[in-house]
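Summary of structural features
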Amino acid sequence: MASSKEYADFISDQCSGLSARAMMGEYVLYYNGKVVGGVYDNRLLVKPTTSAKELMPDAAYQLPYEGAKEMLFVEAVEDRAFLEKLFAAMYDALPEPKKRR
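Below, the structure is looked at part by part. This one's a predicted model, so the numbers in the text were calculated from it and none came from an experiment.

Within strand S3 (residues 34–40), six of the seven residues are buried, leaving the element largely enclosed by the surrounding structure. As paired elements, strand S2 (residues 26–31) and S3 share five bridges and run antiparallel to each other. Pairing of Tyr31 across the sheet is with Lys34, part of S3. Here S2 folds back onto S3, and the loop between the two strands holds two residues, one of which, Asn32, carries a positive phi near 50°. Here four bridges tie S3 to strand S4 (residues 43–46), and the two strands are oriented antiparallel to one another. Of the residues in S4, the one forming a bridge with Gly38 is Leu45. Joining the antiparallel neighbours S3 and S4 is a turn of two residues, in which Asp41 adopts a positive phi near 50°.

Below, the structure written as structure tokens:
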């Protein structure tokens with residue numbers, strides 16, 4: 001099942017600096033230019049950085065799609081303050097975007 005554009009838009013509207021880019025029926029999420037996770041089957045999944053694991057110690061690990069690395073499932077998608085805190089905390093641990101030629 002692919003994610004709906006409406007759900008991806010809802011997630012990206014929850015946090016300033018967050019944007020979604022469609023990719024093969026799903027959505028990759030960027031926070032201030034860095035990939036933080038994605039919307040897969042209408043689920044918000046984020047990279048399992050140390051800060052994300054600290055903020056969500058009981059979060060379930062889920063696969064975004066078969067063959068992918070596990071990511072953390074974010075349940076509190078309606079809590080804007082939590083999402084802002086989560087993505088801001090994750091930002092420094094994420095790699096810089098690769099420069100395009």
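Don't stop here, the text continues.
Spatially, S1-S2-S3-S4-S6-S5 is the arrangement adopted by the six strands of the open sheet, whose pairing is antiparallel. Strands with a single pairing partner mark the edges of an open sheet, and in this sheet they are strand S1 (18–23) and strand S5 (61–62). Examined bridge by bridge, S1 and S2 share six bridges and lie antiparallel to one another. Note that in S2 the partner of Met23 across the bridge is Glu26.

Criteria and cut-off values
Residues numbered from 1 in each chain as written. Predicted model: local features only at pLDDT ≥ 70, side-chain atom pairs only at ≥ 80, totals over all residues. Heavy atoms only, no water. Buried < 20%, exposed > 50% of the residue type's maximum accessible area, 1.4 Å probe, protein only. Helix = DSSP H or I, 4+ residues; strand = E, 2+ residues; numbered from the N terminus. Pairing = 2+ DSSP bridges.

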